[in-house]
Amino acid sequence: MQLKISKPLWQVIGLGTLAGMRSTSAPAITSHILSHHQSKNLEHSPLGFMQSKNVAAALKVLALGEIVGDKLPSAPNRIKPAALGFRVISGALAGAGIYRAVGNNAIVGALLGGTAAFASTYGSFFLRRSTVKTSHIIDPIIGAVEDALVIGSGVGLASLS
C-alpha cells in the first residue's frame, strides 16, 4: 500500500512528543506505519530498515517492555542525560523516517522530531511529578494514564497515514 501522509510536520511533532513520554514509542509507531506503507524514498536509504515488519515487531516488544519498566522504582528519571539523549535520538529517528518517506529532507525531520522529544521529555516529567504530588495518586497509576495517552495518540498518528 502506498504511503500517503498529508501532514508530515504534525505527525513528526506528534511522534517526537511521544518519544519524550516513552522513548521507544516513536520508533515503534513509525516502523509500524512504514512497514504497512512502503516508500520508494526509503528503499536505498540508511532509514530503509524502518520499513521491515520484523523491525516493527521488535520495536513494539521493546515499547511494551518500556511500559512495564517505567513502573519499577529503579526506573531512572527521564531527564537524566542518558535517558534524555535516547529520547531525543528516538524522536529524531522517527522524524527522519517519516520525512524521508514522503520525500522531504530527513535532517529537517530529525531536527523537528528530536526537538519535540526534548521539549516533551521535560514537559511530561514535570507534569507527571506535579500530578503525583497534587493528586496524591501513586506514581505507577499516573504512569499508566500516561501509557494510555501514548498508546491512544500512537494509534491516532498511525491512522493519519
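Parameters and conventions
- Counting restarts for each chain, with residues numbered from 1 along the sequence as it is written.
- Only residues with pLDDT of at least 70 get local features here, since the model is predicted, and only at 80 or more are side-chain atom pairs given and counted; chain-wide, interface and lining totals rely on the full set of residues.
- Side-chain descriptors were evaluated using all non-hydrogen atoms of the structure, hydrogens and water having been removed beforehand.
- Each Phe, Tyr or Trp ring, with Trp reduced to its six-membered ring, pairs with another whose centre is within 6.5 Å; inter-plane angles below 30 degrees give stacked pairs, above 60 give edge-to-face pairs, and intermediate values give tilted ones.
- Take a side-chain nitrogen of Lys or Arg and a carboxyl oxygen of Asp or Glu: if they are within 4 Å of each other, that pair is a salt bridge.
- Secondary structure follows DSSP: runs of H or I at least 4 residues long count as helices, runs of E at least 2 residues long count as strands, and numbering of each begins at the N terminus.
- Exposure classes here rest on a 1.4 Å probe applied to the protein chains alone. A residue is buried below 20% of its type maximum, exposed above 50%, and partly exposed in between.
- Each helix should span, by expectation, one fewer than its residue count multiplied by 1.5 Å.
- The contact criterion used is simple: two residues touch if any of their non-hydrogen atoms lie within 4.5 Å.
- In the analysis that follows, any N or O atom pair within 3.5 Å is treated as a polar contact, provided that within protein one partner can donate a hydrogen and the other can accept it, and provided that, for residues neighboring in sequence, both atoms belong to side chains.
- For every residue, the pLDDT score states the predictor's confidence, bounded by 0 at the bottom and 100 at the top.

With respect to the packing of aromatic side chains
Taken as a whole and assessed by the stated rule, the structure comprises 3 aromatic pairs. Ring geometry for Phe125 and Phe126: centres 5.0 Å apart, planes at 80 degrees, overall edge-to-face. Members of the aromatic cluster, each reached through a chain of ring pairs, are Phe118, Tyr122, Phe125 and Phe126.

What about the pattern of salt bridges?
For side chains bearing opposite charge, pairing can occur when the charged atoms are close. Scanning the model with the defined rule gives 9 salt bridges in all. Of the charged contacts in the structure, one is a salt bridge between Lys71 and Asp70, with a shortest N-O distance of 3.5 Å. Between Glu146 and Arg128 there is a salt bridge, with its nearest N and O atoms 3.0 Å apart. Of the two residues, Glu146 sits in helix H6 (residues 139-159) while Arg128 sits in helix H5 (residues 106-135), which places them 18 residues apart along the sequence. By relative accessible area, which is 7% here, Glu146 ends up buried. On the accessibility criterion, Arg128 (8% relative accessible area) is buried. A cluster of three or more residues bridged by salt bridges with shared partners is formed by Arg22, Asp70, Lys71, Arg78, Arg128, Asp139, Glu146 and Asp147.

Focus on H5
Over its 30 residues, H5 extends 41 Å from the first C-alpha to the last, a length consistent with the 44 Å expected when each residue adds 1.5 Å. Each element contacted by the buried residues of H5 is listed here: helix H1 (8-21), helix H4 (81-101) and H6. Of the residues flanking the start of H5, the one acting as N-cap is Asn105, its side-chain oxygen 2.7 Å from the backbone nitrogen of Ile107. Just beyond H5, the residue with positive phi is His136, at close to 65 degrees.

A short note on the confidence of the model for the protein
Of the residues in the protein, 96% have a pLDDT of 70 or more, and the chain-wide mean is 92. Mean pLDDT across the secondary structure elements of the protein bottoms out at H6, with 89, and peaks at H5, with 97.

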